[in-house]
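A closer look at the structure
The primary structure of each chain is shown beneath.
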Amino acid sequence: MTETTTNQRLADLAAAGVSIWLDDLSRARLDSGNLAELIATKSVTGVTTNPTIFAAALSQGEDYADQVRELAAAGADVSEAAKSIMAADVAEACDLFTETNATTDGVDGRVSIEVDPTKARQTEETIAEAAELWAKVDRSNCLIKIPATVEGLPAITATIAKGISVNVTLIFSLERYGDVIEAYLSGLEQAAEAGIDLSTIHSVASFFVSRVDTEVDNRLDAVGGEAASALKGTAAIANARLAYDLLTTIHGGGDHPLAPRWAALAEKGARPQRPLWASTGVKNPDYSDTMYVTELVVADTVNTMPEKTMDAFAEHGEVRGDRVSTPELVEQARTTMEQLASVGIDMDDVVRVLEDEGVDKFVASGKELNESVRVALDHARG
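Residues numbered from 1 in each chain as written. Predicted model: local features only at pLDDT ≥ 70, side-chain atom pairs only at ≥ 80, totals over all residues. Heavy atoms only, no water.

Considering the overall build of the protein chain
Tallying secondary structure elements over the protein chain gives 18 helices and eight strands in all. By principal-axis analysis of the C-alpha atoms, the protein chain measures approximately 60 × 50 × 40 Å. Out of the 382 residues in the protein chain, the part that is buried amounts to 54%. Considering only contacts in the protein chain between residues 6 or more positions apart, those separated by 24 or more positions represent 78%. Counting every atom, the protein chain has about 15,600 Å² of accessible surface; 49% of that belongs to carbon and sulfur. In the protein chain, 32 positive and 62 negative side-chain charges are present, and the distance between their average locations comes to 2 Å. (Helix = DSSP H or I, 4+ residues; strand = E, 2+ residues; numbered from the N terminus. Buried < 20%, exposed > 50% of the residue type's maximum accessible area, 1.4 Å probe, protein only. Contact = heavy atoms within 4.5 Å. Areas by Shrake-Rupley, 256 points an atom, 1.4 Å probe, with all protein chains shown as cover. Lys, Arg positive; Asp, Glu negative; His and termini not counted. Charge placed at Lys NZ, Arg CZ, Asp CG, Glu CD.)

Printed below as a string of C-alpha cells:
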C-alpha cells in the first residue's frame, strides 16, 4: 500500500535542520512515482547520484530502452549517450523538486550530477565537463559534482566563478576540507568580479563518513589491545565534527585567515557552502544502522542516505538534538583524534589512502557506466 502520511522520525530530523537527500536515482523511481512519494512521505528534499547508480539502473530492465534506441539511431558515442541518459533523469528529478527549491529559497530541492570520473585528475577537462553538464541538464536547481582532488580544486573555483552550483565530493581530511572552502570562496570572489549575483550560487561539500571508520577500524584491529579496540567506530564522527567546527569558525568570524574573506562575500549575498555527510550507510554490522545520521544531527547540513539507511531511521532513528557542534562534543572529537594518534593511527596516512582509493573507485565507476552504455548501444544497434 502506498504511504500517505509523513514519517515523523524523518520529519523530526528535517526539523532539526538536516536536509534529507536520497543517494539514488533511476528512471524507474521517476516513472513509478517512487521519488515523488519519498518527497511527500519521507521529507526527502534532494537527490545525489553517481555513475555507479546510473550503471545499475541502466542494466535493470527496459526503462532506458527508448532513449538508448534514439541515441543509437542518432549515432551517439558512449560518452555522449552516458551524459544524455544521466542528464535526462537529473532534469526530471529537478522538476519534481521545483516547489521544494522555491519554498527553501533555493537551498534544497537539489539534484546532483557527476562529472566524468575518469577525468578526476584533469583540471581543464573537468571544467569543460562541468559547464557541459550544467547546460545539458538546464535546471537552476542542479548541482555539478566535482571531486576534491588537488586537480579538482581549481576546477571547483572556475566552475563556481561561472555561476554554476557545485557539489564538492570525495572529501576525507580536514586539510582538504579547508582547501575546498578556500576554492569556493575564490570562485565566489571571481563571480562577484564578473557581476554575477552571488545569491544564485549554491554549494555543498560532501564529507565522507563511513569509509573513514572502515579504514581506521582495520588499522585498530591490526594494532590490537584494549585501548585500540575501545576506539573503533569513533574516528569518522570525530572527523566530521571537527570539519563542522572548522566551518563555523570561518563563518563566525573566528581566528582563521578565510573568515574575513567569507564575511566580505556574505555581505554581497553569498550563500554558505553547507556540509553534506556522505557515505552514511553503516558498513559494520556491529554498529547501529542509523549511527551516521543520529550522531551527525546539526543545523544547516545535508545527510545523503541510501534508501536502506533512510528506512532504518524512519523505523527506529532518534533525534537527540545537536550531536556535532556543542563545545563538549568538539572537545571530545579532539580527544578522540589524540587517542587515535596515541595508539599509532596516522590520520594523515588514513586520509591519503582513502582519497587514492576514492579516486580509483571514482574512475572505476565511470568505466562501469561507460561499459553499461556501450552494451546498451550495441544491443540497440543489433
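Here we look at the packing of aromatic side chains
Overall, the coordinates contain two aromatic pairs when judged by the stated rule. Relative to Phe208, the ring of Phe172 has its centre 5.3 Å away and its plane inclined at 50°; by these criteria the two rings are tilted. Note that Phe172 is positioned in the loop between strand E5 (166–171) and helix H10 (174–193) and Phe208 in strand E6 (residues 203–208), a separation of 36 residues in sequence. By relative accessible area, which is 9% here, Phe208 ends up buried. (Phe/Tyr/Trp six-rings, centres within 6.5 Å; stacked < 30°, edge-to-face > 60°.)

Some words on unusual backbone geometry
Phi is positive for Ser43, which is not a glycine, with a value near 60°. Looking at the element boundaries, Ser43 is found in the loop between helix H3 (34–41) and strand E2 (44–47). One non-glycine residue, Asp300, lies in the positive phi region at around 65°. Position of Asp300 among the secondary structure elements: in the loop between helix H15 (291–294) and strand E8 (301–305). Judged by its relative accessible area of 55%, Asp300 is exposed.

Remarks on the UniProt feature "active site" (unreviewed entry) in the protein chain
UniProt annotation of "active site" (unreviewed entry) refers to Lys145 when read in the numbering used here. Those residues in contact with Lys145 that lie beyond four places of it in its chain are Thr49, Asn50, Ser112, Ile113, Glu114, Val115, Asn167 and Thr169. At 3.2 Å, the side chain of Lys145 forms a polar contact with the side chain of Glu114. (UniProt positions renumbered as here; feature names shortened; annotations may be inferred. Polar contact = N/O pair within 3.5 Å; in protein donor to acceptor, adjacent residues only side chain to side chain.)

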